[in-house]
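Structure assessment
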Amino acid sequence: MLKNVAAKGLIGKRSSLGRSEALRDIGMKEHVHRLFDRSSAYTRIPGSFVEGLKKCSHILEMQIPIKRDDGSIDIFEGFRAHHSIHALPLKGGIRFTPGLKLEDVEAVAALMTLKMAVVDIPYGGAHGGVSVDPSKLSKSELEQLTRNYARELTKSGFMGPSIDVAGPDIGTDSTTMAWVMDEYSKLAPNDTELLAVVTGKPEASGGIAGRVEATGRGFYYALHQFLSDLELTESLGLTNNLDNKSYIIQGFGNVGYYIAKFVTENAKGKIVGILEKDGGTYNPEGLDVKALKKHFDKHHTLKGFDGGDTYSYAEDILSKECDILVPAAIEKTINSENMHLLKCKIVAEAANMPITLKAEEYLLNHGVAILPDILMNAGGVITSYFEYVKNIGHISPGKLTKRWEMRSNEAILKFIAGLLETDLTHGELHVASDLDIVNNALEDLMTNSVKLTQKTANRFAINYRDAAYVNAINRIYENLRYSSYYAA
Ligand code: NAD
């Protein structure tokens, strides 16, 4: 395979990120507000309720000092926003990223409330983080920053198993969550539910099987259900299932990688292109995902991968043909600067808010189906919910019923063997592992939530994002209708 056929360096007018329009576009908070307005027109909910629902209930801004390894002191800005308190605890990620702004945190907190409601998880939404580039801190500086952030949250009443349960997001991972939990435990040593203060922990610290890959796996289940809609697939000229589709994926982090893995391994999908922030790789015959992951882990770039052609500009890969484009990086990567270039039939949003409003309007008008973030990437929060339930119950899924299930299966098999007058006892009976239980429950929730969204979209003849928002807003309203707020 010829390499670097279009490597043009990063100078020049075009941006490898394709985000300069995005920066001029409206902010994320205004973006979410407009989506609330657009979709609530299809509900019977009072306008004043919707206005209230746009806003966050509680906001915390912090200045967090750390001592650098060289002895100097630095201060970082941190935030936490509690969106809706219609259901407790609240749940949301912690993000460590440079340039993080309060209004973006508020927008994602609102999105989290909607995400939880659309997949019927009984949490409210929260979000937070620190404006920092974690790659510029040493491990001990990062641990100090994480612990100081967690301490501020706890002291201010913004963290706790019954208040606000944090999880990983951009720039944070299971180790970050273990540090947060440990710091919380120092301030609340007698809290018997302290394991439930964060999710996305390592399994050894109370995490749950399947959480690492859950967002990618949930995305796979949701896509499977969307593509079972004959009307949709016929209108797009696609076969009526998930098999043999071609993909371009933007972002090869946790979510992008697992999506690539699941669609290739489970549905004979072909990944023709993957792009990262410094460029990408393209192969119309399909990329070898396993080999590419090895290359990326080693070199921290997709460039130079010998199973594809290297491209330095995002546009050069985004403009290639594929069935499904998957933005799995950051917000606003699909915008008015690159929307005309896309040659996909579906944009399936794995990242939060990856399409600007202008680009969304353009793509919908050009017959591209958009599968919305609040549904497509809800697998992570669903599995976090299972982890929370495990931590609160102090028992892993299946522990109580495992032996009973095995004995029941043996009894059924014995009964059938008796009827057939044959021996069916060869081999081992499979009893559900924790991972089986988690994955099956995830599939159930994802599939049902997509079905309800499809139903609402058909009922009002609206796009899938508006349909998902309608379902979410209606559910929150119903939830608040019976809340103790109104008790005398
Ligand atoms: P990650 O940090 O593991 O991966 C993101 C990847 O995108 C990185 O490799 C980064 O280099 C790349 N990237 C950044 N800017 C880019 C650009 N302009 N073009 C191409 N690539 C770019 O993060 P993640 O956990 O995979 O999350 C990805 C997205 O999914 C985020 O929007 C996140 O909020 C959302 N999300 C994640 C989860 C989860 O469980 N991890 C759950 C729900 C939503």
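Everything numeric here is computed off the predicted structure, so don't read it as measured data. (Residues numbered from 1 in each chain as written. Predicted model: local features only at pLDDT ≥ 70, side-chain atom pairs only at ≥ 80, totals over all residues. Heavy atoms only, no water.)

With that settled, consider the confidence of the model for the protein. In this model, the protein carries a mean pLDDT of 91, and residues with pLDDT of at least 70 account for 93%. The low-confidence segment residues 1-23 (pLDDT under 50) makes 60 contacts with residues lying over four places distant or belonging to another chain. (pLDDT = per-residue confidence, 0-100. Contact = heavy atoms within 4.5 Å.)

This part is about the nonpolar core. Ranked by internal contacts, the top residues of the largest apolar core, which has 85 residues, are Leu 223, Tyr 247, Ile 249, Phe 252, Ile 271, Val 326 and Ile 346. Setting aside anything within four residues of it in sequence, one finds Ile 271 in contact with Tyr 247, Ile 249, Ala 260, Val 263, Thr 264, Asn 283, Gly 286, Leu 287 and Val 289. Among the nonpolar cores identified, the runner-up in size contains 27 residues, and Leu 60, Leu 142, Leu 194 and Val 197 belong to it. (Core = buried A, V, L, I, M, F, W, Y, C linked by side-chain atoms within 4.5 Å. Buried < 20%, exposed > 50% of the residue type's maximum accessible area, 1.4 Å probe, protein only.)

Attention now goes to the sheet that holds strand β1 (residues 58-67). Pairing is mixed across the open sheet formed by 5 strands, whose spatial order is β1-β2-β4-β3-β5. In the strand order of this sheet, the two ends are held by β1 and β5 (164-168), each with one partner. Along the sheet, successive strands turn relative to each other by an average axial angle of 25 degrees, direction set aside. Against the sheet, helix α4 (residues 102-118) makes contact with β1, β2 (73-82), β3 (90-97) and β4 (124-131), and its axis sits at roughly 150 degrees relative to β4, the strand it touches most. (Pairing = 2+ DSSP bridges. Helix = DSSP H or I, 4+ residues; strand = E, 2+ residues; numbered from the N terminus. Axes fitted to C-alpha atoms, helices over the stretch in contact; angles between N-to-C directions.)

The next subject is the site of the ligand. Neighbouring the ligand are 21 residues, the closest being Asp 169, Thr 215, Asn 254, Val 255 and Glu 276. Take Thr 215: an N or O atom from its side chain is 2.6 Å from an oxygen atom of the ligand. Take Val 255: an N or O atom from its main chain is 2.9 Å from an oxygen atom of the ligand. When the ligand is considered free in solution it has 820 Å² of accessible area, and contact with the protein chains removes 86% of it. Residue assignment for the shell around the ligand shows that the elements contributing at least two residues are α9 (254-267) and β7 (270-276). In terms of residue class, the shell around the ligand is made up of 9 nonpolar, 7 polar and 5 charged. (Near = heavy atom within 4 Å. Polar contact = N/O pair within 3.5 Å; in protein donor to acceptor, adjacent residues only side chain to side chain. Areas by Shrake-Rupley, 256 points an atom, 1.4 Å probe, with all protein chains shown as cover. Nonpolar A, V, L, I, M, F, W, Y, C, P; charged D, E, K, R; others polar.)

With mixed pairing, the 7 strands of this open sheet are ordered in space as β9-β8-β7-β6-β10-β11-β12. Here the strands that pair on one side only, and so sit at the sheet edges, are β9 (309-311) and β12 (369-371). Averaged over all adjacent pairs, the angle separating strand axes in this sheet is 20 degrees, with direction ignored. The sheet contact formed by β7 and strand β8 (residues 279-282) spans 4 bridges and is antiparallel. Paired with Leu 275 across the two strands is Gly 280, which belongs to β8.

The next point concerns helix α15 (residues 402-420). In this model, α15 (19 residues) spans 27 Å end to end at C-alpha, consistent with the 27 Å of a helix rising 1.5 Å per residue. Phi turns positive, to about 50 degrees, at Glu 421, one or two residues after α15. (Expected span 1.5 Å × (residues − 1).)

As for its position among the elements, Ala 348 is in strand β11 (residues 346-348). The class of Ala 348 is buried, set by a relative accessible area of 0%. Separated by 129 residues in the primary sequence, Ala 348 and Phe 219 have C-alpha atoms spaced 8.7 Å apart. Those residues in contact with Ala 348, other than ones at most four positions away along the chain, are Phe 219, Leu 223, Ile 324, Leu 325, Val 326, Pro 327, Leu 371 and Met 376.

Looking now at empty space enclosed by the protein. Scanning all chains against the criterion turns up 1 cavity of 30 Å³ or more. Roughly 30 Å³ of volume is contained in the largest cavity. Around the largest cavity, the lining residues are His 31, Leu 35, Leu 111, Glu 349, Met 353, Ile 355, Asp 373, Arg 465 and Tyr 469. Taken together, the elements giving at least two residues each to the lining of the largest cavity come down to α2 (28-40) and α17 (464-481). (1 Å grid on protein atoms, 1.4 Å probe; cavity = no way out; pocket = protein on both sides within 12 Å on 5 of 7 lines; lining within 4 Å. Points joined across faces, edges and corners; volume = space filled by probe spheres on them.)

As a further point, take the environment of Arg 211. With respect to the element layout, Arg 211 can be found in the loop between α6 (174-187) and α7 (214-226). Judged by its relative accessible area of 14%, Arg 211 is buried. Expressed as a C-alpha distance, the spacing of Arg 211 and Gly 380, which sit 169 residues apart in the sequence, is 6.7 Å. Side-chain polar atoms of Arg 211 contact the backbone oxygen of Gly 380, separated by 3.4 Å.

Using the criterion set out here, one finds 26 salt bridges in the structure. In this structure, the salt-bridge partner of Lys 101 is Asp 104, at a minimum N-O distance of 3.8 Å. Exposure remark for Lys 101: the relative accessible area of 45% places this residue in the partly exposed category. The class of Asp 104 is buried, set by a relative accessible area of 13%. A salt bridge links Glu 265 to Lys 261; its shortest N-O distance comes to 3.2 Å. A residue pair is termed a helical-turn pair when its members lie 3 or 4 positions apart in one helix, as Glu 265 and Lys 261 do in helix α9 at 4 residues. The exposure class assigned to Glu 265 is exposed, which follows from its relative accessible area of 53%. Lys 261 sits in the partly exposed class, given a relative accessible area of 21%. Because the salt bridges share partners, they merge into one network encompassing Arg 38, Glu 349, Glu 360, Asp 373, Arg 465 and Asp 466. (Salt bridge = Lys/Arg side-chain N within 4 Å of Asp/Glu carboxyl O.)

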